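Structural overview for review
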Amino acid sequence: TADTDGVQLKSVTHGNGHGVDNPAFQAEVRCMVSYTSTHLCFKLFKPITAIENFLKAHSRIIKYITLGILGAGYVAYFIAACWLDFHRAIALVVLTCVAVFFTVYDLVKKYKGDSIKRIFKPAIRCFKANIRWIKWVFIVVVVGLLVAWLAVDTSKRPEQLVSFGGVCLFILGIFIFSAHRHAVRWRTLFWGLGLQFVIGLFVIRTQPGYIAFNWLGAQVQTFLNYTQAGTSFVFGGLVEAGIFAFQALPIVIFFSSVMSVLYFLGVMQWVIIKISWIMQITMGTSPTESLSVAGNIFVGQTEAPLLIRPYLKDMTKSEIHAVIVGGFATIAGSVMGAFISFGIDASSLIAASVMAAPCALAMAKLSYPETEESKFKSEAEIKVDGGDEKNILEAASAGASTSIGLVANIGANLIAFLAILDFINAALRWLGGMVGYPEITFEVRSEIISTYALCGFANFSSLGIVIGGLSSICPSRKSDISAVVLRALITGTCVSLVNACIAGILVVPPLDCIRVFKDSVFNTTDVNIQTCCYDLFGSAVNNGTLVSFEGSWSLVKNATVYFTQCCQLYNETNCM
């Protein structure tokens, strides 16, 4: 061997025809190339590394600057949108106000919560010292107001007392068959029914509530119309043919996919936590069961328990029962979307789903009261669980896939329900015809009430879904789930019926003006005559020589006669 410049060259006995192969020489060359490349890469990436280190060192400042720029941009956009067309920007205003309110609340609670508690500590101590008589005064006042309201409100419509009697009957029945009657907490029951009644009163009887939920229903309807883009591409002309399966059922797939994305982003968890907090502090229920029942307003009976998946194994039997009742007593957002596409009033569906949540917790705790010590006392102990998806695309795809079975279930139940409803209507018309009332059907006033009654998943086909779904989430509690699921099914059915009874108390049937004009004497003291006359005036069009009518009055044969009689009582500008 020979040694040249520190590199040892080995003798070889063969060549490749173009020179001699020397492994030692090739290894040295590779080493030199590698060193050169590394040194070059270091020089090239040195500025990038410096920038990265700078961003890490000043990440907090950069974060605040970025948020400030984005915030300023959104404020500018918000002002411009409101300035150009405030009516069009109402949805933006509502969403912004809600987001700002809860953001400010969270910030105040985080940074000033302890200070505020110290300020109100004397008042809280005084309140706790006198809680006994304050509670009884509150109960007496509420009961007195309820009795007075019922007496005044039902004086003209005594049939509403039937619905009130229905509420009392269901409460009594569930109490009689309660698993532990001695352990019933009446605070939970009455607060749950109170929240349900207040929500119903706000939606059905007040003008702001009616307008707000009608607006919300219209926004949901507009959102669901985007389904047409996907269904038209897949089914083509079948969508325009008016075939139900190609128009309504794809909405379930679309809504389920959207809810899955919102779930992945954490939006639904944030909304659910806020709603569950209200039920928790008023009804005294645990954070886990409150979260799950609140989640059922938006997602299905097997998806909502995923919010509390890590805690199911440590929950009491009463809490598991409440979770299952919440699933039976409410409908998922995807099913709500399908129902809206059927022509069912969107505001009534949204209100029914929200009203059912506190009622479900109340009736669940009446049917299966808590006798064990819950391990979960405060919201701080609970971390809301999310889905297993890795990105938004996977979340959207998973949501669409999980809705396939739901679509088939909806189609099957609709076939059965509509057939039964038509049979009941035919039977009522036949029975009514025997005594001169062939127009009797299961519709008109009962249509809205039925919306509230049917806004749930309490059916025997759901038993298998619940047992299979919850058992797969928490196999160790399968025996407990199976033990309470039938009781939960009955309780969930009662919740939907109580919901309908509350609606029956609050819903005022539309005035039948044609019957009023036929059966009443025209005079100014009759409130119904006055209401119907002004409704008729509003639809009348007087061109100077002839009076015509718009809307439903255009189909009434004696509208001109009624109009003349109304003009004799009230001197309206469009009277001839």
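Here is what the cut-offs are and how they apply
- Residues numbered from 1 in each chain as written.
- Predicted model: local features only at pLDDT ≥ 70, side-chain atom pairs only at ≥ 80, totals over all residues.
- Heavy atoms only, no water.
- Helix = DSSP H or I, 4+ residues; strand = E, 2+ residues; numbered from the N terminus.
- Expected span 1.5 Å × (residues − 1).
- Buried < 20%, exposed > 50% of the residue type's maximum accessible area, 1.4 Å probe, protein only.
- Arc of directions from axis to C-beta.
- Polar contact = N/O pair within 3.5 Å; in protein donor to acceptor, adjacent residues only side chain to side chain.
- Disulfide = S-S within 2.5 Å.
- Phe/Tyr/Trp six-rings, centres within 6.5 Å; stacked < 30°, edge-to-face > 60°.
- Salt bridge = Lys/Arg side-chain N within 4 Å of Asp/Glu carboxyl O.
- Patch = residues over 30% accessible without salt bridge, like charges linked within 9 Å, V, L, I, M, F, W, Y side chains within 5 Å.
- Areas by Shrake-Rupley, 256 points an atom, 1.4 Å probe, with all protein chains shown as cover.
- Core = buried A, V, L, I, M, F, W, Y, C linked by side-chain atoms within 4.5 Å.
- Contact = heavy atoms within 4.5 Å.

1. Here we look at helix α8 (residues 207-224)
- For α8, with 18 residues, the first-to-last C-alpha span of 26 Å sits near the 26 Å given by 1.5 Å per residue.
- Within the sequence span of α8, burial applies to Gly-209, Phe-213, Gly-217, Val-220 and Leu-224. Buried residues of α8 fall within an arc of 60° about the axis and therefore sit on the same side. Across α8 from its buried face, at more than 90 degrees, point the exposed residues Gln-207 and Pro-208.
- Backbone nitrogen of Gly-209 and a side-chain oxygen of the N-cap are separated by 3.2 Å at the start of α8; the cap is Thr-206.

2. With respect to the state of the cysteines
- Taken as a whole, this structure holds 2 disulfides when the rule is applied.
- There is a disulfide in this structure between Cys-513 and Cys-532, and the S-S distance comes to 2.2 Å. What sets the handedness of the Cys-513 and Cys-532 disulfide is the S-S torsion sign, and at about -85° it is left-handed. Of this pair, Cys-513 sits in helix α22 (residues 513-519) while Cys-532 sits in helix α23 (residues 527-539); the two residues are 19 residues apart in sequence, bridging distant segments of the chain.
- For Cys-513, a relative accessible area of 11% gives the class buried.
- Judged by its relative accessible area of 0%, Cys-532 falls in the buried class.
- Each sulfur of the disulfide joining Cys-533 and Cys-566 lies 2.0 Å from the other. On the S-S bond that ties Cys-533 to Cys-566, the torsion sits near -75°, and the link is left-handed. With Cys-533 in helix α23 and Cys-566 in helix α24 (residues 559-569), the pair connects residues that are 33 residues apart, well separated along the chain.
- Free of any disulfide, Cys-494 has its nearest neighbouring cysteine sulfur in Cys-359, separated by 9.5 Å.

3. What about the packing of aromatic side chains?
- Applying the stated criterion across every chain yields a total of 12 aromatic pairs.
- Ring geometry for Tyr-74 versus Tyr-77: centroids 6.3 Å apart, planes at 45°, classification tilted. Residue Tyr-74 and its partner Tyr-77 are located together in helix α2 (residues 59-84), separated by 3 residues, close to a single helical turn.
- Here Tyr-74 falls in the partly exposed class, since its relative accessible area comes to 35%.
- Measuring from centroid to centroid gives 5.5 Å for Trp-149 and Phe-197, while their planes differ by 85°, and the two rings are edge-to-face. Linking Trp-149 in helix α5 (residues 131-153) with Phe-197 in helix α7 (residues 186-204), this pair joins segments that are 48 residues apart in sequence.
- Clustering of aromatic rings is evident, with ring pairs tying together Tyr-534, Phe-537, Phe-549 and Phe-563.

4. Considering the pattern of salt bridges
- Tallied over the full model, the rule gives 4 salt bridges.
- Its salt-bridge partner being Glu-370, residue Lys-365 comes within 3.7 Å of it at the nearest N-O pair.
- Under the relative-accessibility criterion, Lys-365 is labelled buried at 9%.
- Residue classification places Glu-370 among the partly exposed positions, given a relative accessible area of 25%.

5. Some words on helix α12 (residues 267-283)
- Between its first and last C-alpha, α12 extends 25 Å over 17 residues, near the 24 Å set by a 1.5 Å rise per residue.
- For α12, the set of buried residues is Met-268, Gln-269, Ile-272, Lys-274, Ser-276, Met-279, Gln-280, Thr-282 and Met-283.

6. Looking at a nonpolar patch on the surface
- A surface patch of nonpolar side chains, amounting to about 610 Å² of accessible area, comprises Val-100, Val-104, Val-108, Ile-116, Ile-119, Phe-120 and Ile-124.
- Tallying contributions element by element places helix α3 (residues 90-119) first for the nonpolar patch, with 5 residues.
- Position of Ile-124 among the secondary structure elements: in helix α4 (residues 121-129).
- Exposure remark for Ile-124: the relative accessible area of 40% places this residue in the partly exposed category.

7. Observations concerning the nonpolar core
- Core analysis: the biggest nonpolar cluster contains 77 residues, and Ile-324, Phe-328, Met-363 and Ile-502 have the highest contact counts within it.
- At 14 residues, the largest contribution of residues to this core is made by helix α16 (residues 346-367).
- In this structure Met-363 touches Phe-170, Ile-171, Ile-174, Leu-189, Thr-491, Val-495 and Val-498, once residues within four positions along its chain are discounted.
- With 21 residues, the next largest nonpolar core counts Cys-513, Ile-529, Cys-567 and Cys-575 among its residues.

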